[in-house]
Amino acid sequence: MTRKTDKQLGMHRAITRRDFVQGSSLAVLGAVTSGAISVTTTAAENTASALSTDGYYPPTKTGMRGSHNGAYEVAHALARQGARFDNPIETEEEFDLVVVGAGISGLAAAHYYQERFGKDARILLLDNHDDFGGHAKRNEFHQGGSMVLSLGGTHNLEWWQFSDTVKGFMDAFGVDVKAMRKNMDFTYGHDAPNSPAMWFDEDTYGVNRLVSNLDLNEQLTPEVIDQIPISEAGRESLKAFYGRRDNLLSELSESETDALLSSISYPDFLRQYGGLTEDAVQLFDKKVHGSWGIEMRALSANDALWEENPGLHLLGKDWSYEGRDYPAALWPDGNASLVRLMVAGLLPHVAPNVTPDNVALAKFNYGALDEPEQPVRLRLNATVVNAENTETGASVTYAEGGLLKRVATKHAVLACYHSVIPHLCPSLSEQQKDALKYQVKIPLILTNVLIRNTNALDKLGVDGIDCPGRLHARLFLFKGINNGGYEHDADDSGPVSLVFWGSVSPPDNAIDLKSQLRASRQKLLDLSFEDFEREVRTVLNDLLGPEGFDVNEDILAITVNRWPHGYAYEYMDLWDPDWAEGEAPHEIARQPFGAIAIANSDAGASAYTHVAIDEAYRAISELPNQTAAVAKG
Ligand SMILES: Cc1cc2nc3c(=O)[nH]c(=O)nc-3n(C[C@H](O)[C@H](O)[C@H](O)COP(=O)(O)OP(=O)(O)OC[C@H]3O[C@@H](n4cnc5c(N)ncnc54)[C@H](O)[C@@H]3O)c2cc1C
């Protein structure tokens with residue numbers, strides 16, 4: 001095998017990431033004097049497109065996004081290196097509410113605060129990123145001519161799981177999920193004639209081979225299995241597995257079956273009960289990298305079967321797979337549009353007259369997010385390092401632009417990751433700190449590659465591909481979402497985002513789930529943009545090159561949404577006991593203390609947008625009942 005050189009892969013091509021360097025990365029060195037933080041500057045990888053060179057408009061930035069350079073170094077210095085942040089500048093700003101984290105939960109908390117305490121309440125939202133929305137990140141491309149939108153993080157509205165609170169929330173913003181569904185023609189890459197497909201790469205499988213109409217979740221025929229480039233014994237084991245119909249656990253009662261399947265991993269189930277060889281089992285390793293963000297070995301057989309991975313047919317049940325028809329509702333920039341609706345509601349002067357019908361196209365004036373005369377202010381690039389109760393409410397200290405500042409507030413809501421809260425609030429009880437630290441978030445990657453056209457994919461007849469040997473375990477074309485005023489027809493063959501989705505495999509020696517998550521996170525943080533670019537170019541060259549795709553010419557932009565702290569940790573069969581009601585870590589972790597309440601999807605131990613909203617509602621309802629406005633900031 002001859003690997004392509006960086007030059008042949010087009011690594012020298014001037015895609016927009018090299019046009020403009022912004023937001024230098026801050027590495028905090030130590031203690032602080034007089035409000036100034038001692039920092040060193042390292043190379044930055046974020047870039048902006050031509051659209052944003054005049055003004056501050058982060059959605060058009062390409063390169064390393066998500067948790068971008070400059071966003072997390074202060075928090076890591078605090079949490080990992082024990083850096084001290086003393087002697088802040090007293091800003092003399094005073095608020096009714098300070099919210100830490102301007103993700104969906106933080107913004108929803110500000111909305112519910114207004115509902116409870118009135119529209120005049122003075123609210124400050126602080127976020128360490130250069131854009132609002134947290135995981136709801138808008139990726140906006142203009143490199144191919146007209147605007148192409150894509151997903152930077154959370155995107156599905158799983159409306160069938162909405163609580164009454166969330167239904168009321170959606171009504172308040174005019175969001176009609178059923179109407180959104182009608183404007184969608186998108187199935188995560190299951191539409192094209194030869195989809196679903198799997199691509200086996202030469203580095204891993206010794207040959208580059210695309211196998212059409214292959215989805216491991218579906219009933220496979222021997223003819224399809226014969227094309228999978230693993231050992232002959234592996235293929236035979238797959239044929240036997242997919243062909244069987246006996247109930248292997250017929251001797252066990254329902255509860256015994258449940259107990260067994262909850263105690264073994266899915267790969268062990270495939271080995272022991274499915275009879276699969278090791279190379280056949282490995283085909284499944286990364287299958288849930290996108291949907292769960294973890295290795296298959298971290299899932300119990302029960303969890304995996306619930307997720308419609310194959311195996312129920314070995315338990316006397318009918319083959320079932322409905323995953324192709326996932327009925328979620330989407331905007332073209334994912335739940336970033338929901339965030340934009342919230343920001344427009346809280347700060348109408350930033351984006352006047354925004355409705356669900358125009359939200360995807362609406363212009364937002366980022367320069368007006370933090371106006372002193374406005375009741376709601378949103379301060380970006382500001383990492384909170386301390387929040388504590390005071391005689392009059394709470395104080396919140398944050399690092400911004402190399403300075404340390406403190407504001408006073410009547411109430412505070414911590415809508416940030418739970419694992420950082422013990423470092424922000426050292427006076428919390430040890431029991432609550434331990435419960436907060438239980439939340440180890442799941443790392444994820446969403447890499448958008450803007451390609452010139454879909455010609456090569458059209459020739460192959462595929463729009464979604466599993467890549468079990470590669471860093472990103474799944475690719476899909478993202479178009480066919482016509483909501484919020486934006487239109488991108490499913491049959492448009494022009495510039496389009498090809499989404500590379502997945503997580504980072506932990507090393508084999510990471511045994512328990514939390515070690516796996518921490519190891520994946522570190523590996524993810526150690527990957528540079530160039531590493532991702534090389535990976536994407538290699539895959540596209542080897543997969544689409546034979547169909548005429550030229551990696552030198554046909555890649556217009558690359559945006560890596562890196563989420564070292566991605567999904568909230570959800571309890572899993574293999575790793576977590578069944579706690580009595582009120583005793584689960586997230587229930588202990590989210591207890592309010594003094595004038596400070598705790599939100600974020602972590603507070604629900606459930607990685608969903610609607611959970612982030614529910615938890616915001618609860619947090620606001622738990623704040624002590626003080627209604628008088630504090631002095632103006
Ligand atoms: C790639 C990806 C895909 C997803 N897809 C879906 C999906 O399709 N559907 C779904 O329902 N959910 C999805 N999720 C889950 C997602 O986490 C939730 O939907 C939701 O966005 C969580 O919102 P949040 O406000 O709780 O947290 P976040 O979005 O994480 O917001 C918290 C904010 O607080 C900031 N913060 C943290 N510490 C500090 C500090 N010290 N100072 C200041 N700010 C701080 C964070 O940086 C962040 O901006 C996805 C998540 C990821 C990562």
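Residues numbered from 1 in each chain as written. Predicted model: local features only at pLDDT ≥ 70, side-chain atom pairs only at ≥ 80, totals over all residues. Heavy atoms only, no water.

## As for the sheet that holds strand β17 (residues 496–502)
Pairing in this open sheet of eight strands is mixed, and the strands run β3-β18-β14-β17-β16-β15-β8-β9 from one edge to the other. Unpaired on one side and paired on the other, β3 (63–66) and β9 (209–211) mark the two borders of the sheet. This sheet shows a mean twist of 25 degrees between the axes of neighbouring strands, independent of strand direction. Running over the sheet, helix α17 (residues 529–544) touches β3, β8 (197–200), β9, β14 (442–451), β15 (464–466), β16 (474–478), β17 and β18 (555–567) and is turned about 120 degrees from β18. (Pairing = 2+ DSSP bridges. Helix = DSSP H or I, 4+ residues; strand = E, 2+ residues; numbered from the N terminus. Axes fitted to C-alpha atoms, helices over the stretch in contact; angles between N-to-C directions. Contact = heavy atoms within 4.5 Å.)

## Section: helix α16 (residues 513–526)
In a regular helix each residue adds 1.5 Å, so 14 residues correspond to 20 Å; α16 covers 20 Å between its end C-alpha atoms and thus fits that length. Among the residues of α16, Leu 513, Lys 514, Gln 516, Leu 517, Ser 520, Arg 521, Leu 524 and Leu 525 are the ones counted as buried. Along the axis of α16, the buried residues cluster in a sector spanning 160 degrees; they form a single face. Among the structural elements, α1 (73–81), β14, α17 and β18 are those in contact with the buried residues of α16. (Expected span 1.5 Å × (residues − 1). Buried < 20%, exposed > 50% of the residue type's maximum accessible area, 1.4 Å probe, protein only. Arc of directions from axis to C-beta.)

## Some points on the site of the ligand
Around the ligand, the structure places 34 residues, and the nearest of them are Asp 127, Asn 128, His 135, Asn 156 and Thr 609. One of the side-chain N or O atoms of His 129 is found 3.1 Å from an oxygen atom in the ligand. In the model, a nitrogen atom of the ligand is placed 2.9 Å from a nitrogen or oxygen of the Val 384 main chain. Within the complex, 98% of the 990 Å² of free accessible area of the ligand lies under protein. Broken down by secondary-structure element, the contributors of at least two residues to the shell around the ligand are α2 (104–117), β11 (382–390), β14, β18 and α19 (609–622). When its residues are assigned to classes, the shell around the ligand shows 15 nonpolar, 17 polar and two charged. (Near = heavy atom within 4 Å. Polar contact = N/O pair within 3.5 Å; in protein donor to acceptor, adjacent residues only side chain to side chain. Areas by Shrake-Rupley, 256 points an atom, 1.4 Å probe, with all protein chains shown as cover. Nonpolar A, V, L, I, M, F, W, Y, C, P; charged D, E, K, R; others polar.)

## Here we look at the confidence of the model for the protein chain
Within the protein chain, residue pLDDT values average 92, and 92% of them lie at 70 or more. This stretch, residues 17–34, has a pLDDT under 50; its non-local contacts, to residues over four places away or in other chains, come to 65 contacts. Low pLDDT, under 50, characterises residues 38–54; the stretch is placed with 56 contacts to residues that sit more than four places away or in other chains. (pLDDT = per-residue confidence, 0-100.)

## Quick look at the nonpolar core
Nonpolar side chains tend toward joint burial in soluble globular proteins. Membership of the largest hydrophobic core comes to 58 residues, with the highest contact counts inside it found for Phe 132, Phe 364, Leu 378 and Val 413. Secondary-structure elements contributing two or more residues to this core are β4 (89–100), α2, β5 (123–126), α3 (164–172), α4 (177–182), α12 (336–346), β10 (376–379) and α19. A per-element tally of this core places α2 first, with eight residues. Once residues within four sequence positions are removed from consideration, Phe 132 is found in contact with Ala 102, Val 339, Arg 340, Val 343, Phe 364, Tyr 366, Leu 369, Leu 378 and Leu 380. Ranked by size, the runner-up nonpolar core spans 42 residues in total, among them Phe 200, Tyr 242, Val 281 and Ile 442. (Core = buried A, V, L, I, M, F, W, Y, C linked by side-chain atoms within 4.5 Å.)

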